[in-house]
Amino acid sequence: MKVIENYKKFNTTEKSIVTIGTFDGVHVGHQKIIEQLVATAKKENSRSVLLTFFPHPRMVLQKDNSIKLINSIEERIAFLEKTGLDCLIIHPFDKAFSRLTALEFVRNVLVNHLNTSKLIVGYDHRFGKNREGNFEQLEEYGHVYDFEVIEIPSQDINEIAVSSTKIRTALQEGDVKKANRYLGRAFSISGEVVSGERLGNTIGFPTANIKIPESYKLTPKKGAYLVKAQMENTDHYGMLNIGVRPTVNGVDETIEVHFFDWDKDLYGRTLEIQFLDFLREEQRFESVQALKAQLSQDKIKSYSLIQD
């Protein structure tokens, strides 16, 4: 898969089969669109092209810094690379781009640069300035500029009943199992292992402190989770805690993971950690010993979930 950072850098005489969207999460609904895109391109000996945007439009148009994304842009690229796409275009979304009318978007982007012969979109796709463009307009422009518009039927999308917003909500509620069903895989975070206060070492539960570099990356609800990560080509299970560590009067939110069968140094490594299940809410314990007792119970519960 070729990755291009701006649609203006994509120029070809070869016909393109195109889809457009933010594709945050690359969830099972997105995957259905991409599968049809790739299959159509192969059948017609054309190039499959996905046009996406970064930052998220809401971050630019509404200055909505509160929105958190399911994927970092690097994660989105990694997931899309597995789909068989020929080309991924990540166009910088800014106010100037947002002001393109529906006609300008079709003419300047889809026709002049992407050389679109077929456009595949979801049934509720909107585009152009103020989201003024809809499927009917796309069809009209298709007749003018000689490209076909294929709409994924509403019943196909509704059967899946999934959206990026639903996944974000599930994660914010701690329901990682629901989020994982919608994603078609385990939700994950990636970050570097950094030094912490090493409290876990003193109570028999050493932890790796994870620092996520992207401020816009969504993290699930505070609490304890069953997770796994691949290290040295083997899956290792563990318990991860998101929170402020109220038992020791913590202030800043941290992400700490204790692996059950790992005793090697992890400092400086970048780990991808997959969330499998929610164990319990974050809580304040009367003492460090009470915390240790709860962690032992969490470990027992984790092993029972792993064996299910």
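## Regarding the overall build of the protein
What the protein contains, in helices and strands, is 11 helices and 12 strands. Carbon and sulfur atoms make up 46% of the accessible area of the protein, which totals about 15300 Å².

## Describing the packing of helix α8 (residues 164-172) against helix α9 (residues 176-183)
Across the interface, α8 lies against α9 with an axial gap of 7 Å and an inter-helix angle of 155°. With respect to α9, the axis of α8 lies roughly antiparallel. The handedness of the crossing between α8 and α9 is left-handed. The residues of α9 that touch α8, namely those facing Lys-166, Ile-167, Ala-170 and Leu-171, are Val-176, Lys-178, Ala-179, Tyr-182 and Leu-183. Here the contact of α8 with α9 is composed, by residue class, of 7 nonpolar, no polar and 2 charged.

## Examining the environment of Pro-55
Mapped onto the elements of the fold, Pro-55 is located in the loop between β3 (47-54) and α2 (57-61). With relative accessibility at 27%, the residue Pro-55 sits in the partly exposed group. Separated by 14 residues in sequence, Pro-55 and Leu-69 place their C-alpha atoms 10.0 Å apart. If we ignore the near neighbours within four places in the chain, the residues touching Pro-55 are Val-60 and Phe-93.

## Considerations on a negative patch on the surface
On the surface, Glu-136, Glu-139, Glu-140 and Glu-151 cluster together into a patch of negative charge. Among the elements that line the negative patch, the one with the most residues is helix α6 (residues 135-145), at 3 residues. Position of Glu-140 relative to the elements: it lies in helix α6.

## Some words on the packing of aromatic side chains
A complete count under the given rule lists 10 aromatic pairs for this structure. Every member of this aromatic cluster is reached through a ring pair, and the members are Tyr-7, Phe-53, Phe-93, Phe-97 and Phe-105. Between Arg-185 and the ring centre of Phe-79, over which it is positioned, the NZ or CZ distance is 3.8 Å.

## Observations regarding the sheet that holds β3
Read across the sheet, 6 strands follow the order β1-β4-β3-β2-β5-β6 without closing on themselves; strand pairing throughout is parallel. Either end of the sheet is taken by a strand with one partner, and the two such strands are β1 (2-4) and β6 (148-151). Strand-to-strand, the axes of this sheet are offset by a mean angle of 25°, without reference to chain direction. Bridge count between strand β2 (residues 16-20) and β3: 5 bridges; the pairing is parallel. By the bridge assignment, Val-18 is partnered in β3 with Val-49. Sheet contacts for helix α3 (residues 73-81): β1, β3 and β4 (87-92); angle to β3, the most-contacted strand, approximately 165°.

Conventions adopted
- Residues numbered from 1 in each chain as written.
- Predicted model: local features only at pLDDT ≥ 70, side-chain atom pairs only at ≥ 80, totals over all residues.
- Heavy atoms only, no water.
- Helix = DSSP H or I, 4+ residues; strand = E, 2+ residues; numbered from the N terminus.
- Areas by Shrake-Rupley, 256 points an atom, 1.4 Å probe, with all protein chains shown as cover.
- Axes fitted to C-alpha atoms, helices over the stretch in contact; angles between N-to-C directions.
- Parallel < 35°, antiparallel > 145°, perpendicular 65-115°, else oblique.
- Left-handed = near helix turned anticlockwise from the far one by under 90°.
- Contact = heavy atoms within 4.5 Å.
- Nonpolar A, V, L, I, M, F, W, Y, C, P; charged D, E, K, R; others polar.
- Buried < 20%, exposed > 50% of the residue type's maximum accessible area, 1.4 Å probe, protein only.
- Patch = residues over 30% accessible without salt bridge, like charges linked within 9 Å, V, L, I, M, F, W, Y side chains within 5 Å.
- Salt bridge = Lys/Arg side-chain N within 4 Å of Asp/Glu carboxyl O.
- Lys, Arg positive; Asp, Glu negative; His and termini not counted.
- Charge placed at Lys NZ, Arg CZ, Asp CG, Glu CD.
- Phe/Tyr/Trp six-rings, centres within 6.5 Å; stacked < 30°, edge-to-face > 60°.
- Lys NZ or Arg CZ within 6 Å of the ring centre and 35° of its normal.
- Pairing = 2+ DSSP bridges.

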